[in-house]
There are 6 protein chains.
Amino acid sequence: MKDGVFYGKGVNKVKREYPEIYEALVKLDEAVFTGKVLEYRTQKLVALGITAARSDETATKRQMISGMNEFNITKDEIVDVLRVVLLTAGMPAFNKGMRILDEIEKN
Amino acid sequence: MKDGVFYGKGVNKVKREYPEIYEALVKLDEAVFTGKVLEYRTQKLVALGITAARSDETATKRQMISGMNEFNITKDEIVDVLRVVLLTAGMPAFNKGMRILDEIEKN
Amino acid sequence: MKDGVFYGKGVNKVKREYPEIYEALVKLDEAVFTGKVLEYRTQKLVALGITAARSDETATKRQMISGMNEFNITKDEIVDVLRVVLLTAGMPAFNKGMRILDEIEKN
Amino acid sequence: MKDGVFYGKGVNKVKREYPEIYEALVKLDEAVFTGKVLEYRTQKLVALGITAARSDETATKRQMISGMNEFNITKDEIVDVLRVVLLTAGMPAFNKGMRILDEIEKN
Amino acid sequence: MKDGVFYGKGVNKVKREYPEIYEALVKLDEAVFTGKVLEYRTQKLVALGITAARSDETATKRQMISGMNEFNITKDEIVDVLRVVLLTAGMPAFNKGMRILDEIEKN
Amino acid sequence: MKDGVFYGKGVNKVKREYPEIYEALVKLDEAVFTGKVLEYRTQKLVALGITAARSDETATKRQMISGMNEFNITKDEIVDVLRVVLLTAGMPAFNKGMRILDEIEKN
């Protein structure tokens, strides 16, 4: 778990104040992204799809940014994930995802 | 959109009784799964993650079965998706996914 | 609030064992369905859309049945609500709604 | 589908960059809001209820504004929808809807 | 129901403009928080957990603030609720809760 | 984490086939339910509220049963949690919770 990258500043705070939670998060993160067969990159796309399908603005933005920075996930790959969001979670979630992606691109 | 495989019997009914909805679904399906960069298979894994994260039992089961039948998605790949579900949607959704996978395996 | 029709048997139990909750439900129900401008029937369609969009099987079924019995809401009106569910909540919720409607029709 | 009205600026971007998704959205929109029996206006109220029940702030605001502008849906009709949201989705979603409506009114 | 504290300004507006809804809310609030066995304070922690698990930012913030002000719920008690959110609703909801708590502390 | 009690049979399977996930779950469980200030029992009530608010039938049932068996949580305490569910998540989630509780009682 790369501090300050994937989970943001919040994790540093947890590490300092609630070390036992932090330790569990590290273990959890290892267990999750140590997939036996799928690449970490594919799992990251799944995580992105799940947060976008929920219309959770800040979490979706964070997933997109860390996906782009850490795994060189491209804009078109994210749009391909958002297509699945459109089918499985509907228009409002898709629209929100497209808007967030657009805002990230402009910055 | 392969009738009776991905969307189940429901789609045939829609086709017969509400052809304009059916036509839109076909168009939608084409637009969604005609990803420019990601493989259809990866998009299917994303769809599986989204439905499992929602704890929707019948939809998750359907996604698992069609993923296995149409794309030869393996059990371990599904578990790798469920690891992401555990991290992003919590234990109850993960448990449900594991149980559904187990039931599919036994049949 | 018509006992045993809209809310099912559960309400009778609440009435008997937790009268103060029951009383609040009656008040709530009155306040909700005493819309100043929209008809009760239209509000019922909105309730149906909300439960179907959540993929909640038992609640959706109950809403469909009570809508049909109490307000003569037709099958095609329910399909029109499910079209909105498709757009705003995606394919799995739409499919589930269509399947439930189909099962109700066959009984 | 009226560009820039219902779906906001996002749709224009989709139209330009992902024409095949845009085309599917147009088809979908036609199939959804070409209800056989319910009026488009009633379907719009259902869409409003679904987004408000999910506490999705931006989507709810957009639905309220387009409902008011395109269909002359009144404030009291929206409150009647929010009453159903209160019953089926609870106080926080109702409160959020009332607050958004209030902010729209003041602008 | 303490106006302007728990439900915010919105309730005052409802009281003035839609007295029948307000009355139902008061009844509902009484029935809910007049638990026979659990303390109001414990119920408040449950309410906090439910809103945080949904990643609803404004509702979670409101619950935390009113919990702290009205019931002297401490920061560590809220973190203990967020631990349960981590287990049952996943990392994004937990992160959001921790961030909101952090922002409240700093003000 | 008591095998076969809280998480059901699924955990045994995870332990056998995916030991690294199991280990992470144990760590997570420890970190979550080792609250510094709140009792485990109160955290259990929060977990129950979260799953009931989501209308997840199997997860809610499991939480109720393990709460009753492991912590002697009473029926009336569960109803007090469901009151909060009624307020924060609406009637359908409340009804479902009451029905599940009723079924457990009868067995």
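Residues numbered from 1 in each chain as written. Chains lettered and ligands numbered in written order. Predicted model: local features only at pLDDT ≥ 70, side-chain atom pairs only at ≥ 80, totals over all residues. Heavy atoms only, no water.

## Overview of the relation of the copies chain F and chain E
Its rotation angle being 180°, the transformation that places chain F on chain E also includes 0.0 Å of axial translation and leaves an RMSD of 0.0 Å. Look at the turn and shift together and you get a two-fold axis relating the two. Both copies share a contact surface, since 100% of the interface residues of chain F are interface residues in chain E too. (Least-squares fit on C-alpha atoms with pLDDT ≥ 70 in both. Contact = heavy atoms within 4.5 Å.)

## Points about the domain arrangement of chain A
All names here are of chain A. By domain assignment, chain A separates into domain 1 (7-33) and domain 2 (40-106). Summarising the inter-unit geometry, the C-alpha centres of domain 1 and domain 2 are found 23 Å apart. On the side of domain 2, 4 residues touch domain 1, which itself brings 4 residues to the contact. Here domain 1 is connected to domain 2 by 0 salt bridges. Scanning the region where domain 1 abuts domain 2 turns up 1 residue pair in polar contact (both at pLDDT 80 or more). (Domains from an automatic or database assignment. Salt bridge = Lys/Arg side-chain N within 4 Å of Asp/Glu carboxyl O. Polar contact = N/O pair within 3.5 Å; in protein donor to acceptor, adjacent residues only side chain to side chain.)

## A look at the side chain of T51 of chain E
Tracing the backbone shows T51 of chain E in helix α3 (residues 40-53). Contact partners of T51 of chain E, with chain neighbours within four places excluded, come to P92 of chain D together with D56, A59, T60 and Q63 of chain E. (Helix = DSSP H or I, 4+ residues; strand = E, 2+ residues; numbered from the N terminus.)

## Structural notes on the packing of helix α5 (residues 75-89) of chain C against helix α2 (residues 19-32) of chain D
The N-to-C vectors of α5 of chain C and α2 of chain D enclose an angle of 155°; their axes lie 9 Å apart at closest approach. Classed by the angle they form, the pair α5 of chain C and α2 of chain D counts as roughly antiparallel. Note on element contacts: α2 of chain D touches α5 of chain C through L28, D29, A31 and V32 of chain D, opposite R83, V84, L86 and L87 of chain C. When grouped by side-chain class, the residues that make up the contact of α5 of chain C with α2 of chain D number 6 nonpolar, no polar and 2 charged. (Axes fitted to C-alpha atoms, helices over the stretch in contact; angles between N-to-C directions. Parallel < 35°, antiparallel > 145°, perpendicular 65-115°, else oblique. Nonpolar A, V, L, I, M, F, W, Y, C, P; charged D, E, K, R; others polar.)

## A closer look at the interface of chain B and chain A
Taken residue by residue, the interface counts 32 residues in chain B and 32 residues in chain A. Interface of chain B and chain A: buried area, both sides summed, is about 2700 Å²; carbon and sulfur atoms make up 73% of it. The interface formed by chain B and chain A includes 0 salt bridges. Inspection of the chain B/chain A interface yields 10 residue pairs in polar contact (both at pLDDT 80 or more). Counting residues per element, the ones that place at least two in the side of chain B that touches chain A are α2 (19-32), α3 (40-53) and α5 (75-89) of chain B. Looking at the side of chain B that touches chain A, the element that brings in the most residues is α5 of chain B, giving 11 residues. Classifying every residue of the side of chain B that touches chain A gives 19 nonpolar, 6 polar and 7 charged. (Buried area = accessible area lost by both parts, 1.4 Å probe.)

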